[in-house]
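# Fold and geometry: a report
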Amino acid sequence: MKKNLIAVFLAFLFTFGICSTALSKTHSGVITVDVDLSAQPQGQTARLWVPYPVSDRDQLISDIQTSGDYSSIGVYTDRYYGTPILYAEWPKDAKKRTLQFSFTVERQEIRHHDLPAQEPAWNPGDYAEYLKPTSLGPTDGAVKELSDTITKGKNTVLEKAKAIYDWTCENMYRDPKTVGCGKGDVCQLLQKPGGKCTDISSVYISLARAAGVPAREVFSVRLGKKPQEDVTTWQHCWAEFFLPGYGWVTVDPADVRKAMLVENLDLKDAKTKAYRDYFWGGIDPYRVVIAHGRDVVLNPPHEGPPLNTFGYPYAEVGGLPINFYDPASFVYRITYHEK
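Values in this document were obtained by computation on a predicted structure and should not be read as measured data. (Residues numbered from 1 in each chain as written. Predicted model: local features only at pLDDT ≥ 70, side-chain atom pairs only at ≥ 80, totals over all residues. Heavy atoms only, no water.)

Before going further, it helps to examine the packing of aromatic side chains. Enumeration according to the criterion identifies 18 aromatic pairs in this entry. Ring centres of Trp49 and Tyr314 lie 5.5 Å apart, and the angle between their planes is 50 degrees; on these two criteria the pair is classed as tilted. Taken together, the residues Trp49 in strand β2 (residues 46-51) and Tyr314 in strand β16 (residues 314-317) connect sequence positions 265 residues apart. Overall, Trp49 belongs to the buried group, its relative accessible area being 0%. Judged by relative accessible area, Tyr314 falls into the buried class, the value being 5%. Look at Phe242 and Trp248: their rings are 5.5 Å apart centre to centre, the planes differ by 70 degrees, and that puts the pair in the edge-to-face class. Here Phe242 and Trp248 have matching classes, each one buried. (Phe/Tyr/Trp six-rings, centres within 6.5 Å; stacked < 30°, edge-to-face > 60°. Helix = DSSP H or I, 4+ residues; strand = E, 2+ residues; numbered from the N terminus. Buried < 20%, exposed > 50% of the residue type's maximum accessible area, 1.4 Å probe, protein only.)

Taken in spatial order, the 5 strands of this open sheet run β3-β6-β1-β18-β11, and their pairing is antiparallel. At either margin of the open sheet sits one strand with a lone partner, and together these are β3 (59-68) and β11 (228-230). Within the sheet, the average angular offset between the axes of one strand and its neighbour, ignoring direction, is 15 degrees. Here strand β1 (residues 26-36) runs beside strand β18 (residues 331-338); their pairing, made up of 8 bridges, is antiparallel. Residue pairing for β18: Thr32 is matched across the bridge by Thr335. (Pairing = 2+ DSSP bridges. Axes fitted to C-alpha atoms, helices over the stretch in contact; angles between N-to-C directions.)

A full pass over the atoms with the stated rule returns 18 salt bridges. Close ionic contact of Lys162 with Asp166 constitutes a salt bridge, the shortest N to O distance being 3.0 Å. With Lys162 and Asp166 both in helix α3 (residues 157-171), this residue pair falls 4 residues apart, about one helical turn. Residue Glu170 is joined to Arg276 by a salt bridge in which the shortest nitrogen-to-oxygen separation is 2.9 Å. With Glu170 in helix α3 and Arg276 in helix α7 (residues 270-279), this pair connects stretches of sequence that are 106 residues apart. In this structure Arg276 comes out as buried when scored by relative accessible area, which is 14%. Sharing partners across several salt bridges, the network here consists of Arg222, Asp252, Asp255, Asp284 and Arg287. (Salt bridge = Lys/Arg side-chain N within 4 Å of Asp/Glu carboxyl O.)

The sheet contact formed by β11 and β18 spans 3 bridges and is antiparallel. By the bridge assignment for β18, Asp230 is matched with Thr335.

With that settled, the discussion passes to the environment of Ser201. For Ser201, the location among the structural elements is in helix α5 (residues 197-210). C-alpha of Ser201 to C-alpha of Tyr165: the two residues are 36 residues apart in sequence and 9.7 Å apart in space. For Ser201, the contacting residues outside a window of four places in its chain are Cys237, Trp238 and Ala239. (Contact = heavy atoms within 4.5 Å.)

This next bit is on the side chain of Arg257. Counting through the fold element by element, Arg257 comes out in helix α6 (residues 253-262). Look at Arg257: it is buried, it has no salt bridge, and the nearest opposite charge is Asp266 at 8.2 Å. (Lys, Arg positive; Asp, Glu negative; His and termini not counted.)

The subject of this paragraph is the sheet that holds β16. Strand order in this open sheet of 5 strands is β4-β5-β2-β16-β17, and the pairing throughout is antiparallel. The open sheet is flanked by β4 (72-77) and β17 (320-321), the only strands paired with a single partner.

A separate point is α6. With 7 of its 10 residues buried, α6 lies for the most part within the structure. Inspection of α6 places Pro253, Ala254, Asp255, Val256, Arg257, Ala259 and Met260 among the buried residues, and these make up the whole buried set. Positive backbone phi, approximately 55 degrees, marks Asn264, located one or two places after α6.

In this section: unusual backbone geometry. Cis geometry marks the peptide bond from Asn299 to Pro300, where omega comes out at -5 degrees. You can see Pro300 is positioned in the loop between β15 (287-292) and β16. Phi is positive for Asp63, which is not a glycine, with a value near 50 degrees. Residue placement: Asp63 occurs in strand β3.

The next thing to look at is the packing of helix α2 (residues 141-150) against α5. The contact between α2 and α5 brings their axes to 8 Å, and the two run at 75 degrees. Considered as vectors, α2 and α5 are oriented roughly perpendicular to each other. Residue-level contacts link Val143, Lys144, Leu146, Ser147 and Ile150 of α2 to Ser206, Leu207 and Ala210 of α5. Residue composition of the contact of α2 with α5, by class: 5 nonpolar, 2 polar and 1 charged. (Parallel < 35°, antiparallel > 145°, perpendicular 65-115°, else oblique. Nonpolar A, V, L, I, M, F, W, Y, C, P; charged D, E, K, R; others polar.)

The subject of this paragraph is α5. With 14 residues, α5 ought to run about 20 Å at 1.5 Å a step, and its terminal C-alpha atoms sit 20 Å apart, in line with that. Immediately beyond the C-terminal end of α5, within one or two residues, lies Gly212, with a positive phi of roughly 85 degrees. (Expected span 1.5 Å × (residues − 1).)

Right, here's the structure in full:
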């Protein structure tokens, strides 16, 4: 039995590229974003906002390069979340509207599995930003009722966060027919709990916030595992909760449910347990963080309402948005090259 469990765990590591003969701590490569708005209506000003990753303790961004025929370009941040944004603009008489943006990333695997059970005194007011509702993620009504049920008898942030993680893994499921990463409309998802990563993460975050657990989304693009891969549609979202006395802890119930779908696993399977254990406090290094936050007001300001999420390039031509879920009409491509 012991040998079987070891084999299951190693198979899990190989599946996610975390292990070859030993644990891989980092993964690196070059991401290139190519955008071409030339086919959009002429005689209109074209504006483009692209998520702009920056270095932090888990990723190193270097060798940033931009080129194109834009009339102006700059790096800005939104005023609320501080998410960096690459912004470019083309005048009305522009015949071509192209931009190439590339950077090198070295990404660190995250492992937060020895979490302290003892909770120090903390002030929820310091984390009010991560406890409030969003336009599609309420914290009252049915969400609050469900959150109270899930966390009944749980007293600490860690206990509540884990109970909600377990519930999300057990009750949500991945729906491959969902467009993009999903909208994250929590009320709809509680009625039909199928979706993709933004949907599953959003449910976790709303339930956590309703329970008084500070939580937030993290938006990324997955890195390839081959020497060169098209990663245009490889956007991914996961969640973090704040553990007093420790810091932000990663949780990725969406990748648990994705693995279960891809490998046809049941909740009772040993591999499912391995995935659940790993993604509670851990994530693989095959991703680069590009943005945070919901209901985002871009900078420079865009014409439409706040963006539900900012995990994709966003563009407006003549003040009208282009559908970023359709890279065939909003022509852009994201590629990964091994470093």
